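# Observations on the model geometry
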Amino acid sequence: MPTQIRETAAAEPHAPTAHVLAPAALSVPNKIVPALPPISKPVPLPHEAGIGLPGTTHVITVEYGEGGSESLVQIRQINLQTDRDLVTSDDIRHADGSLVIPPELHLDGVLATALAQANAVAPDGVPDMNTALGSGTTEIIEQIAARDALWAETGSPYANGSLPAPVPEGRIVDGVVGAPEPNVPVLTDSAPWRSEASVKTVEAGQTVEAELDLTKPTGGVATLAETGLNVQINAAAILDYNEAAGSMMVGGNYFYSRGIVQANVLVDNDHVDVAVSGQLSPTVQTSGNEVHNIAEFITHQSTIEVRGAAATPHWNIDVVQGDFYDVKSIVQFNGLDDNDRTVQAESGTYYNLGTGANQQLNLAEVSGLDRYDVIIIGGDYHRANWIYQYNVMVDPDYATLYSTGDAGDDTTVTTGFNNLVNRATIETVDAPGFKPMQDAHHDLMGLLAGGATVLQPSSDWQLYGGASGTLKMLYISGDYYDINTITQVNVMVDGDQSIQASAEAGTRQGVAAGGNSAVNDAYIGDPGLLSTSNYLGGAAYEEAMLIQVNIVTDSDTVTIHDTTTLVPELVAFAENATQHEPEPDCRPAPLQDPAQHDHLTSNILA
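### Observations regarding the overall build of the protein chain
When helices and strands are counted, the protein chain shows six helices and 37 strands. Element-wise, carbon and sulfur atoms account for 52% of the exposed surface of the protein chain, whose accessible area totals about 23600 Å².

### Focus on the packing of aromatic side chains
Under the counting rule described, the total for this entry stands at twelve aromatic pairs. Ring geometry for Trp151 and Phe255: centres 6.0 Å apart, planes at 45 degrees, overall tilted. With Trp151 in helix α3 (residues 137-154) and Phe255 in strand β13 (residues 254-267), this residue pair connects regions lying 104 residues apart in the sequence. Where Tyr325 meets Tyr481, the ring centres are 5.3 Å apart and the plane angle is 15 degrees; that geometry is what we call stacked. Of this pair, Tyr325 sits in strand β18 (residues 324-337) while Tyr481 sits in strand β30 (residues 480-493), and the two are 156 residues apart along the sequence.

### Regarding the nonpolar core
In this structure, Val126, Val261, Trp386, Tyr390 and Ile483 are the most contacted members of the largest nonpolar core, which totals 37 residues. Put simply, the parts of the chain that give this core at least two residues each are α1 (108-119), α2 (129-134), α3, β13, β18, β23 (381-394), β30 and β35 (540-553). When residues of this core are assigned to their parent elements, the largest contribution, six residues, is made by β23. Residues within four places of Val261 in sequence aside, it is in contact with Val121, Val126, Trp386, Ile387, Tyr388, Gln389, Tyr390 and Ile547. Counting residues in each nonpolar core, the second largest holds 23 residues, with Ile60, Ile317, Leu444 and Trp461 among its members.

### Concerning unusual backbone geometry
Non-glycine residue Asp174 carries a positive phi angle of around 50 degrees. The buried category is assigned to Asp174, whose relative accessible area is 15%. Even without glycine at this site, Leu229 takes up a positive phi of about 60 degrees. Residue position: Leu229 is located in the loop between β10 (222-226) and β11 (231-240).

### Let's talk about the pairing of β10
Of all five residues making up β10, five are buried, and the element is well covered by its neighbours. Burial along β10 is two-sided: the face carrying Ala222, Leu224 and Glu226 and the face carrying Thr223 and Ala225 are both buried. Sheet analysis places β10 next to strand β20 (residues 350-354), joined by five bridges and oriented parallel. Its bridge partner lying in β20, Ala222 is registered against Tyr350.

The rules behind the values
Residues numbered from 1 in each chain as written. Predicted model: local features only at pLDDT ≥ 70, side-chain atom pairs only at ≥ 80, totals over all residues. Heavy atoms only, no water. Helix = DSSP H or I, 4+ residues; strand = E, 2+ residues; numbered from the N terminus. Areas by Shrake-Rupley, 256 points an atom, 1.4 Å probe, with all protein chains shown as cover. Phe/Tyr/Trp six-rings, centres within 6.5 Å; stacked < 30°, edge-to-face > 60°. Core = buried A, V, L, I, M, F, W, Y, C linked by side-chain atoms within 4.5 Å. Buried < 20%, exposed > 50% of the residue type's maximum accessible area, 1.4 Å probe, protein only. Contact = heavy atoms within 4.5 Å. Pairing = 2+ DSSP bridges.

Following this line, the structure appears as structure tokens:
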């Protein structure tokens, strides 16, 4: 089988809130990051000028409490649907009188191969599709902790010691920076008998409705089958403002990994057999598939310089003994099994049969705002933002059509125009980096660890202070896990079989077996270091990874011939047709769809 591989690369400072958006909206979450409370340059209080001078009497009082709003949040949204339709016709029978019923397709092996191809996309050290789908918050924490430990030990988070190449700046479409917006097939591509003026679309770019004109072009006589046109959409957003502090001190190491893994796997091996009378030109479209990955890393640099902690007379400190967890995870899965079998004969009017057009939709948003002036971490800071997106579609369609009575020009078969798209954005706000911790910072961390209630201020702290006179701080004695992950998977099996026969003049025939859409749209907004007053006692480890892979297997067979040569399913119908006319000259040889050819390209971004 020829295979085409395109690898291209609020007032309440508490736990996150989760919102499941109304499906009726059919739109992706708003990606406009709400404005954060501004960090201003505090004006030194009158007594700050005396800090460090002989005779100063200014001290800072410290109040401790149990603190921090830890969160282990995971939303799992799963749609599973089996929709195997069977429609038969009394008019289409075998020679022995039994009904013509296409045998069921057995596609388990094809699907297993496609899923294995998707799983193979992620390199060692990065969860594959199955792992990402099955991981709860505990497993996610273990994965990040293990790779960070390896990172600190060997200098690489990967067992082979590799480091990813720098990710290009800007929007990347299938490995190309700044490429134009990809084409999106519309409903009238797959079903040209629909009225273009009535086509409606949603934000994700999917056509959802178009009206039929029941009087044109054949005077109200047609045999139509729409067995594809299925839609799967996952849309998710995480807005994480919990770590958007004025200053941060980390006693250990800082690990920050960002990654986007995107894969589309399409199997679209179609078989079309059309028998028409006369010198007629049926329309057969088995191509037109669009398979794309779109990714963007956006980093806004903050260069605000702040101070004033030494001049803030009262500190309220929330204390967490041990490790602290702020983990937000969204998992979305759509699974559709829609192998339809339809048999139709012309009945003198519009026979519009719709067995596809299923819709599956997951929408979710998680947000968190836990506002501190200063965060102090005694151990390591583990920060990670990862998006995993997979579309797997198996769509081998079979269409057999027979037409006499000068109907061949109105015979249309479309089995392509499938649309697989992954869109992902990770947007952050950060200062250029940490500064090394000074002796004054180590001393301060030791005093807070010991529970000191009175502090002698030091101008060397250079930490953000509150002009209100009170400083709100979070102190964690162990490690801090700040992890956001979104996993989105669409799996569709849509092997349709359609048989149509007509022996009447002026009859339109149409089969739309493709036109399926699978869309993943994900956004993570993660404001981090909002000022340059951030200090690190250990080493900083940072990486960004992008993997974009498209794997397309598209081997189609298209045969167009005259009515003197028929597949066995239609021989008896042709013999029993009420009208038998001599067949004029016609094309003697089958025609292959010239648009079908296979090619191989490879480009991985990591």
